[in-house]
Amino acid sequence: MQRGRSAIALLITLMFVIVITVAIGYGLGQVNDASQIVQEENALYQRNIIVEDILNILRTSKELEVGVDNNSSSDLYLLLSQVAFIPFEYKGVEILLRIKSARMKFNPAMLTPATGALLSQYLGRYNINASYIDILFDNIGGIKEDNSYNSTIFDENPYLFRDYIASAKHLERINDFYTKEYHDNALSNVHFSQLFYYTPDRNISIDVNYATPEVWEFMLGCERDRAELLSAGGGSYDSMSDLDISEDEKKLLEETFHAKTFVPIVQIDLDITLNGAYTKMSFEYNIQTKKGSNFVYEL
């Protein structure tokens, strides 16, 4: 039975790859015919068309709907693992499309006293001063008229955004301040790319089927070996009872981190090379609501 399901899933995956490649290629062909448009405007138009084409494909994709309709974490996991990246070229436009869960990591904008204490404990393994957590809180707490911040980061960076941590570059500015303030380079040893995910949405749930080892270490305060084992089990967690964790740990995951076993929200990353110019684009796509969000363009 399992073998049959896998075969069906692989067939669905192949169909998905073919459909997305052909459809995007057709869309690009339509855009390239509009040669009267100025080159830079045409390039911007093409990038927008690519995103719109992909959104339309995702909205009408029966392959993505299968896992959601069945509420099957294993079906969704298998599909995403098979279409992790799709490279193709059409009329001089090179595209690398990557699809993955958008709920693999922790959003630092959701820091609370409880998660802050756990993050401090995790970073303490790297000998990072607990004051770093205070600096993070400063950067997600908004503008304070009384200037009652925990640190002096905004004295040196008065125009630094402080509603939430918006990107890896934003975190880099924060980390640079900590490094200079405490004459400590320990943050360079932390794999923040595997720990944090940046979005203004403060109400997201981590999907335990995709959580990275770093996130497991942070959430449970466990050793690396156990974190890697829990991460390796991704795709087999249909319910929280499938996890090899204690009742207290289960309560911690559900109540403190709002962790779930099925969160059908994916992140679409696009690397686009057009007329020698490279653009990186990304956005989230909610398979249930069929809506895109958190669009990011990096030229």
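The shown structure was predicted, so the numbers you read here are calculated from the model rather than taken from an experiment.

Reading the values: rules and limits
Residues numbered from 1 in each chain as written. Predicted model: local features only at pLDDT ≥ 70, side-chain atom pairs only at ≥ 80, totals over all residues. Heavy atoms only, no water. Pairing = 2+ DSSP bridges. Helix = DSSP H or I, 4+ residues; strand = E, 2+ residues; numbered from the N terminus. pLDDT = per-residue confidence, 0-100. Contact = heavy atoms within 4.5 Å. 1 Å grid on protein atoms, 1.4 Å probe; cavity = no way out; pocket = protein on both sides within 12 Å on 5 of 7 lines; lining within 4 Å. Points joined across faces, edges and corners; volume = space filled by probe spheres on them. Nonpolar A, V, L, I, M, F, W, Y, C, P; charged D, E, K, R; others polar. Phe/Tyr/Trp six-rings, centres within 6.5 Å; stacked < 30°, edge-to-face > 60°. Buried < 20%, exposed > 50% of the residue type's maximum accessible area, 1.4 Å probe, protein only. Lys NZ or Arg CZ within 6 Å of the ring centre and 35° of its normal.

J.: Help me understand the pairing of strand E5 (residues 291-298), please; the structure alone is not making it clear to me.
T.: Side-chain direction in a regular strand flips from residue to residue, so the side chains alternate between the two faces of the sheet. As paired elements, strand E4 (residues 277-286) and E5 share six bridges and run antiparallel to each other. Note that in E5 the partner of Ser282 across the bridge is Val296. Turn length for the E4-E5 hairpin, with the two strands adjacent in sequence and antiparallel, is four residues, and the turn residue Lys290 shows positive phi of about 60°.

J.: Please explain the confidence of the model for the protein as it appears in this structure.
T.: As a general rule, the predicted coordinates of low-pLDDT regions are not to be interpreted in detail. Looking at the protein, the pLDDT average stands at 85 and 83% of residues meet or exceed 70. Counting interchain partners and residues more than four positions distant, the pLDDT-below-50 stretch residues 33-38 has four contacts.

J.: Is there a simple way to think about the layout of surface pockets in this case?
T.: If a probe the size of a water molecule is rolled over the atoms, the empty space left behind becomes visible. Of the pockets and cavities examined, the largest pocket occupies roughly 890 Å³. Only strand E2 (93-101), helix H8 (168-182), strand E3 (265-274), E4 and E5 provide two or more residues apiece to the lining of the largest pocket. If you tally residues by element for the lining of the largest pocket, the top one is H8, at seven residues. Looking at the lining of the largest pocket residue by residue, the classes come out as 15 nonpolar, twelve polar and eleven charged.

J.: Can you help me understand the packing of aromatic side chains in this one?
T.: Both the distance between ring centres and the angle between the ring planes are used here to describe each pair of aromatic rings. The tally for this structure, following the rule as stated, stands at 14 aromatic pairs. An angle of 65° between the planes, with centres 5.8 Å apart, marks the rings of Tyr122 and Tyr126 as edge-to-face. A relative accessible area of 1% places Tyr122 in the buried class. Taking 4.8 Å as the distance between ring centres and 65° as the angle between the ring planes, the aromatic pair formed by Tyr149 and Phe154 counts as edge-to-face. Here the aromatic residues Phe106, Tyr122, Tyr126, Tyr132, Tyr178, Tyr182, Phe192, Phe196, Phe218 and Phe257 are joined through ring pairs into a cluster of three or more. Over the ring of Phe154 we find Arg162, and its NZ or CZ is 3.7 Å from the ring centre.

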